[in-house]
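Analysis of the macromolecular model
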Amino acid sequence: PIVALATLHPLRVYAYVPQEIALFVHDGDPAKIRLYERPDRVYAGPIVRHPEALDSDSRTMLVEVDLPNRDVSLLPGLYARMDITVTGAKFGVTVRDDALVFRHGNVYVPVVLDNHIHLVQVELGYDNGLTVQVLGDVHNDDMVALSVGQGVENGEVVQPVRAAQMN
């Protein structure tokens, strides 16, 4: 090209998000951009566009964020890190991955009722590697047993200790 044009105010930032979060990205979701050269400075702006389609080769989705850049401290072509805040699916309850019990092709959440384990069959939703959304007869106020192991039995007696008491 003979001439390249760029708008510095606002500055449009492009990033590729992985398939695991692409379904949860929406226009208006907040994004924060940090430069490696300026680690103490955070630039914030909303996602203004996304194609609602993944690139078939990389399994990623391009998103666009507009930053005000009033002081023109960001220049086109810089590399940065982008953190996007997205909201997961609107169903189910979220439990820690280490609570799940897998048995005979089914998934269960061990709920504690009257000092006994009750295995509640669930279906899995979005899993971020630490927590997973579950759909079934599990409620936000249920006490869920953690790390009970795959050998736990329905009706097994337990002595529950709340996580806050374990320090």
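None of the values given here were measured: they were computed from a predicted structure.

Take the sheet that holds strand S1 (residues 11–18) next. Strand order in the open sheet formed by 5 strands is S1-S4-S3-S2-S5, and the pairing between neighbours is antiparallel. Two strands lie at the open edges of the sheet, namely S1 and strand S5 (81–84), each paired on one side alone. Between one strand and the next, the sheet's axes are offset by a mean angle of 40 degrees, whatever the strand orientation. When strand S3 (residues 38–49) meets strand S4 (residues 60–67), the two strands line up antiparallel, connected through 2 bridges. Within S4, the residue paired with Ile47 across the bridge is Val65.

Nonpolar side chains tend toward joint burial in soluble globular proteins. Formed by 18 residues in total, the largest nonpolar core has its most connected members in Val17, Ile33, Val63, Val65, Leu67, Met82 and Ile84. With 11 residues, the next largest nonpolar core counts Val93, Leu100, Val109 and Val120 among its residues.

A few words on the environment of Tyr79. Inspection of the secondary structure assignment puts Tyr79 in the loop between S4 and S5. Between the C-alpha atom of Tyr79 and that of Leu146, which follows or precedes it by 67 residues, the distance is 41 Å.

Relative to the helices and strands, Asp66 is located in strand S4. Here Asp66 falls in the buried class, since its relative accessible area comes to 18%. The residues touching Asp66, leaving out its near neighbours within four places in the chain, are Leu11, Arg12, Gly45, Pro46 and Val48.

With that out of the way, let us pick up a nonpolar patch on the surface. Residues Leu8, Val72, Leu75 and Leu78 make up a contiguous nonpolar surface patch of about 300 Å² in total accessible area. Mapped onto the secondary structure, Leu75 falls in the loop between S4 and S5. Exposure remark for Leu75: the relative accessible area of 45% places this residue in the partly exposed category.

So, about the confidence of the model for the protein chain. Per-residue confidence for the protein chain averages 89 on the pLDDT scale, and 95% of its residues sit at or above 70. No element of the protein chain has a lower mean pLDDT than helix H1 (residues 19–22), which averages 85, and none a higher one than strand S8 (residues 106–113), which averages 96.

Rules of the game
- Residues numbered from 1 in each chain as written.
- Predicted model: local features only at pLDDT ≥ 70, side-chain atom pairs only at ≥ 80, totals over all residues.
- Heavy atoms only, no water.
- Pairing = 2+ DSSP bridges.
- Helix = DSSP H or I, 4+ residues; strand = E, 2+ residues; numbered from the N terminus.
- Axes fitted to C-alpha atoms, helices over the stretch in contact; angles between N-to-C directions.
- Core = buried A, V, L, I, M, F, W, Y, C linked by side-chain atoms within 4.5 Å.
- Buried < 20%, exposed > 50% of the residue type's maximum accessible area, 1.4 Å probe, protein only.
- Contact = heavy atoms within 4.5 Å.
- Patch = residues over 30% accessible without salt bridge, like charges linked within 9 Å, V, L, I, M, F, W, Y side chains within 5 Å.
- Areas by Shrake-Rupley, 256 points an atom, 1.4 Å probe, with all protein chains shown as cover.
- Salt bridge = Lys/Arg side-chain N within 4 Å of Asp/Glu carboxyl O.
- pLDDT = per-residue confidence, 0-100.

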